[in-house]
Amino acid sequence: MKYQSGNLVPHKSALMFTPANILQEDVCLPAAVIRKAALENNIQWMQRYADTRGVSLAPHGKTTMTPWIFQQQQQAGAWAVGVGSAWQASIAMVAGVKRVLMVNQLVGKANMQLVADLKNEYRDVDFLCCVDSLTNAKSLNAFFSAQNQQLDVLIELGVPGGRCGCRTAEDALMLAETISTLPGLRLRGLELYEGVLHGENPRPHVEALLRDAAVLACQLERHVGGEFILTGAGSVWYDVVCNVWLEAKKPANCRVVIRPGCYITHDGGIYLQAQNELMARDKVACDLGGDLVSALELVAMVQSVPESDRAIVNFGKRDSAFDAGLPHPVAHYRQGKLLDSPGETIETTGIMDQHAMLTFKPGADVQVGDIVVFGTSHPCLTFDKWKALLLVDEEYNVLEVLETAF
């Protein structure tokens, strides 16, 4: 992509752009932007957390699907990048990621062939995926044996009513026994995702699942040659995962790997709440200094003020996540100048495909042509609506155009 006078134009060369400032209307709006300083803070904070706890970090790349961000995470010390599909794995490998955890089942001949081709092309990349059934294990074995390859796998442990994963330790042990007889597979460890546990007070259930997993890991140890990978932890319970697994009895050569993803840009909604709760219960996180900050913003323009207490802004469901709360105004500009904070006077009250509705208190000064900056909740579903995002400094100068690969 090439950046020219506010317009993204396809280009075969590296990303380039002419100088532009969002607040000066040099860029077509709406636009999704990432504040560079906040992004760097989040990358460094989470890596520092993992290093302090003595665990490995494999951030879930499906949050951003932005190769440039994968590279920044790896350069900062990430042990791996997590993905959810064979296609996503290919994007990570092309970006130069040296270890890819496909935290999902690999099914279908085309997907298997893609992985086989990747293993041939990127021989120095460590690729792992999950398996939770004898049927899948035997299918993978038949395919990769025929390719004269060996596929590294993690057994996935699940919960009743959840998504994938063996439902009992007995099922997982039986699967491990079978894998040990299959020449096309090599067992590397155990995976789970505790985030499927919900309810009024999920923490005791999360801790119970983690303790059960540690016991199961010890039972599986004899089927794993060398290092045993024990991995879990999304963006909500990564401190609890560390607490339980670091204290539990584990295989002798065990690497604990956490996989938060949304920390990369954080948000002003559900992950802000989750992080606040984590900071309140986790002394390690508090003692690190600093915290995660919101880095992803949506910048849009007021296009209509049809009523005295109502304005219409030129973004909608096609541009931003709305499943976990509507985008909320965080800054208000006119002709490049910052006006009063909109948090107390302006509220997003509705959203359609291409329009968002704001209501405001009497006396609020909102005019057609104003620029409003919005924070969002649940960054995954904003990232995947954009082919490119703009990396900006604190004055909203565009520093780089970041392509996504959804």
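Here the structure is shown first, and the text comes after it.
Remember, predicted model here, so these are calculated numbers, not experimental data.

K.L.:
Sorry if this is basic, but what is going on with the packing of helix α3 (residues 86-94) against helix α4 (residues 109-121) here?
P.N.:
As a packed pair, α3 and α4 sit with axes 9 Å apart at the nearest point and diverge in direction by 20 degrees. In terms of axis orientation, α3 runs roughly parallel to α4. Considering how the two elements wind past one another, α3 and α4 form a crossing that is left-handed. Between α3 and α4, the residues in contact are A86, W87, A89, S90 and M93 and N111, L114, V115 and L118, respectively. For the contact of α3 with α4, the class distribution of residues is seven nonpolar, two polar and no charged.

K.L.:
Sorry if this is basic, but what is going on with the pattern of salt bridges here?
P.N.:
Side chains bearing opposite charge may pair, as long as their charged atoms lie close to each other. One pass over the structure, following the stated rule, counts 18 salt bridges. Close ionic contact of R188 with D126 constitutes a salt bridge, the shortest N to O distance being 3.1 Å. Separated by 62 residues along the polypeptide, R188 in strand β10 (residues 185-191) and D126 in strand β8 (residues 126-131) bring together distant segments of the chain. You can call R188 buried: its relative accessible area is 10%. In this structure, E227 and R255 form a salt bridge, with 2.9 Å as the shortest nitrogen-oxygen distance.

K.L.:
Would you mind going over unusual backbone geometry with me for this structure?
P.N.:
The phi angle of most residues is negative, glycine excepted, and most peptide bonds adopt the trans form. The step from L29 to P30 runs through a cis peptide bond, and the omega angle for that step is 10 degrees. Assignment of secondary structure puts P30 in the loop between β3 (16-17) and β4 (31-35). One non-glycine residue, E25, adopts positive backbone phi at about 65 degrees. Tracing the chain through its elements places E25 in the loop between β3 and β4. At A233, a position not held by glycine, the phi torsion is positive, near 85 degrees. Residue position: A233 is located in the loop between β11 (228-232) and α8 (238-247).

K.L.:
Would you mind showing me how to read α8 here?
P.N.:
Helical periodicity: at 3.6 residues per turn, an α-helix aligns residues three or four positions apart in one direction. Of all ten residues in α8, seven are buried, a share of seventy percent or more. Taken together, the buried positions of α8 are occupied by Y238, D239, V240, V241, C242, V244 and W245. Against the buried residues of α8 lie α1 (36-53), α7 (203-220), β11, β12 (254-258) and α9 (270-281).

K.L.:
Quick question: what am I supposed to make of the layout of surface pockets here?
P.N.:
A probe as big as a water molecule, rolled over the atoms, marks out the empty space that is left. What the largest pocket holds in volume is close to 710 Å³. Around the largest pocket, the lining is made up of 31 residues, and of these Y193, G195, S235, V236 and Y271 lie nearest the centre. Contributing elements (two or more residues each) for the lining of the largest pocket: β7 (99-105) and α9. No other element matches α9, which puts five residues into the lining of the largest pocket.

K.L.:
Explain the sheet that holds strand β6 (residues 81-83) to me, please; I cannot follow it from the model alone.
P.N.:
An order of β5-β12-β11-β10-β9-β8-β7-β6 is seen for the eight strands of this open sheet, with the pairing classed as parallel. Each edge of the open sheet is held by one strand with a lone partner, namely β5 (56-57) and β6. The pairing of β6 with β7 spans three bridges and is parallel. From the neighbouring strand, V81 faces β7, where its bridge partner is V100. Its contacts with the sheet place α8 against β11 and β12, and it is angled at close to 165 degrees to β12.

K.L.:
For this particular structure, what's the right way to read the nonpolar core?
P.N.:
Most often, soluble globular proteins keep nonpolar side chains buried together rather than apart. Formed by 106 residues in total, the largest nonpolar core has its most connected members in I34, L106, L151, I155, L190 and W245. The greatest single-element share of this core, amounting to eight residues, is contributed by α7. Not counting residues within four places of it along the chain, the set of residues in contact with I155 comprises V131, C166, A172, L175, A176, I179, L187, G189, L190, E191 and L220.

Rules behind the numbers
Counting restarts for each chain, with residues numbered from 1 along the sequence as it is written. Residue-level local features of this predicted model are given only where pLDDT is at least 70; pairs of side-chain atoms are given and counted only at 80 or more, and the full residue set underlies all totals for whole chains, interfaces and linings. Think of the side-chain values as coming from all heavy atoms in the structure, minus any hydrogens and water. Angles run from 0 to 180 degrees between N-to-C directions of axes, and those axes are lines fitted to C-alpha atoms, restricted for helices to the stretch in contact. Helix numbers and strand numbers start at the N terminus; a helix is a DSSP run of H or I with at least 4 residues, a strand a run of E with at least 2. Any angle that is under 35 degrees is reported as roughly parallel, and any over 145 degrees as roughly antiparallel; angles of 65 to 115 degrees are reported as roughly perpendicular and all others as oblique. Rotating anticlockwise by less than a right angle from the far helix to the near helix defines a left-handed crossing, while the corresponding clockwise rotation defines a right-handed one. The contact criterion used throughout is that any non-hydrogen atoms of two residues lie within 4.5 Å. Ten residue types, Ala, Val, Leu, Ile, Met, Phe, Trp, Tyr, Cys and Pro, are classed as nonpolar, four, Asp, Glu, Lys and Arg, as charged, and the remainder, Gly among them, as polar. Any carboxyl oxygen of Asp or Glu within 4 Å of a side-chain nitrogen of Lys or Arg constitutes a salt bridge here. Each residue is placed in one exposure class: buried if its accessible area under a 1.4 Å probe, protein chains only, is under 20% of its type's maximum, exposed if it is over 50%, and partly exposed if it falls in between. Computed over the protein atoms alone on a 1 Å grid, cavities are sets of points where a 1.4 Å probe fits but cannot get out and pockets are open sets with protein on both sides within 12 Å along at least five of seven lines; a residue lines them when it has an atom within 4 Å of a point. Grid points are joined across faces, edges and corners, and a volume is the space filled by probe spheres set on the points. Note: two strands are recorded as paired if DSSP finds a minimum of 2 bridges between them. Residues enter a nonpolar core if they are buried and are Ala, Val, Leu, Ile, Met, Phe, Trp, Tyr or Cys, with the set joined through side-chain atoms within 4.5 Å.

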